Amino acid sequence: MSQIPIAPPLSAYQARHVLWSVEGKVATITLNRPERKNPLTFDSYAELVALFRALAADTEIKTVVVTGAGGNFCSGGDVFEIIAPLLDRDMAGLLEFTRMTGELVKAMRACPQPIVAAVDGVCAGAGAILAMASDLRLGTARSRTAFLFTRVGLAGCDMGACAILPRIIGQGRASELLYTGRSMDGAEAERWGFLNRLVEPEALLQEAMALARSLADGPTFAHAITKRMLHQEWDMGVDQAIEAEAQAQAVCMQTRDFRRAYEAFAAKAKPVFEGN
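Bear in mind the structure is a predicted one, so any value in this text is a computation, not a measurement.

## Description of the nonpolar core
Next, step 1: Counting residues in hydrophobic clusters, the biggest one holds 59 residues, and the most contacted among them are Phe52, Phe147 and Phe194.
Next, step 2: The greatest single-element share of this core, amounting to 9 residues, is contributed by helix α1 (residues 42–55).
Next, step 3: Within the second largest apolar cluster, 12 residues are counted, among which are Val116, Val199, Ala212 and Ala216.

This is the structure in structure tokens:
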């Protein structure tokens, strides 16, 4: 995978393999190959990894929306641009690819900004992983989410699916999806907790942006701590987690946003957070 250097400010970055836009404190990434239902390529993988890594150092962007063009989210890895070339790779080359795809999930989980996925239509394979690796997911009734790796002769353990998906929907339900590769429609995905809520297709991006803006207007330093602890506490026992949260919350109590919230409450006003 080629490296894509991204220099600050991110608001000025000109994306080459996805659409990238910044409006205020919210960045939007749009997978933009609608004629193929927005599959990923080697190049788009590389650019997405670079973007999420760069977000970790950005101080202006507070939340990220990930969506797809043309009524679909993402159909996974491009059959002809990714799958076909993999057939000619040796084990070292295949491992290079699978590690590269995992880097995208690592970058998404490591960036401090909450990520909102706007899921419509097809959300399959690596596309389902993109949605899974996001922090919040809005969807539509017509969305179809499938971790379909087993249907192409692969294991369900792809890009962290066996670690992350059970934590979202439970071990038994995750096992069913990863063994069978079947798709969930929007109603089932919401019922199982994969989608936070359903909205009408024409309102999906608007609702995702509204959610992202509301988070961006909140105590964003504290949001970053919440995201970090949600991720880190997977490997902790309860006692260790309670101590880690005590330390994290004490750090948040030193922020100006904590004081702003108190002063606003005392004045019977709504706090205006600044993320510091």
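We are not done yet, so read on.
## Focus on the pattern of salt bridges
When the charged atoms of two side chains with opposite charge come close together, those side chains can pair.
Next, step 1: All chains considered together, the criterion is met by 15 salt bridges.
Next, step 2: Close ionic contact of Arg109 with Asp135 constitutes a salt bridge, the shortest N to O distance being 3.0 Å. With Arg109 in helix α3 (residues 91–110) and Asp135 in the loop between α4 (126–133) and β6 (136–139), the pair connects residues that are 26 residues apart, well separated along the chain.
Next, step 3: Measuring nitrogen to oxygen at the nearest pair gives 2.7 Å for the salt bridge that ties Arg260 to Asp257. Of this pair, Arg260 and Asp257 both sit in helix α11 (residues 256–266), separated by 3 residues, roughly a single helical turn.
Next, step 4: Judged by relative accessible area, which is 17%, Arg260 ranks as buried.
Next, step 5: Each of the salt bridges in this network shares a partner with another, and the network as a whole consists of Arg33, Arg36, Asp78 and Glu81.

## A word on the packing of aromatic side chains
Next, step 1: Scanning all chains against the criterion turns up 3 aromatic pairs.
Next, step 2: Ring geometry for Phe42 versus Phe97: centroids 5.8 Å apart, planes at 80°, classification edge-to-face. In this pair, Phe42 sits in helix α1 while Phe97 sits in helix α3, placing the two residues 55 residues apart along the sequence.
Next, step 3: Exposure remark for Phe42: the relative accessible area of 23% places this residue in the partly exposed category.

## Points about the sheet that holds strand β7 (residues 144–146)
Next, step 1: Read from one edge to the other, the open sheet built from 3 strands follows the order β5-β7-β8, with strand pairing classed as mixed. A strand with exactly one partner marks an edge of an open sheet, and here the two such strands are β5 (122–124) and β8 (183–185). Averaged over all pairs of adjacent strands, the angle between their axes in this sheet comes to 20°, without regard to strand direction.
Next, step 2: Bridge analysis of β5 against β7 gives 3 bridges, and the strand direction is parallel. Considered in β7, the bridge of Ala124 is made with Ala146.

What counts, and where the lines are drawn
- Residue numbers run consecutively from 1 along every chain, following the written order of its sequence.
- Totals for whole chains, interfaces and linings use every residue, but because this is a predicted model, local features are given only for residues with pLDDT of at least 70 and side-chain atom pairs only at 80 or more, for both listing and counting.
- Only hydrogens and water are set aside when side-chain values are computed; all heavy atoms of the structure are taken into account.
- Grouping buried Ala, Val, Leu, Ile, Met, Phe, Trp, Tyr and Cys residues that are joined through side-chain atoms within 4.5 Å yields what is termed a nonpolar core.
- When accessible area is computed with a 1.4 Å probe and restricted to protein chains, residues below 20% of their type maximum are described as buried, those above 50% as exposed, and intermediate ones as partly exposed.
- Numbering of helices and strands runs from the N terminus, with a helix taken as a DSSP run of H or I at least four residues long and a strand as a DSSP run of E at least two residues long.
- Here a salt bridge means any side-chain nitrogen of Lys or Arg lying within 4 Å of a carboxyl oxygen belonging to Asp or Glu.
- Pairing of aromatic side chains here covers Phe, Tyr and the six-membered ring of Trp, requires ring centres within 6.5 Å, and sorts the geometry by plane angle: under 30 degrees stacked, over 60 edge-to-face, intermediate tilted.
- For two strands to be treated as a pair, DSSP must find no fewer than two bridges joining them.
- Lines fitted to C-alpha atoms define the axes, with helix axes restricted to the stretch in contact, and inter-axis angles between N-to-C directions lie between 0 and 180 degrees.

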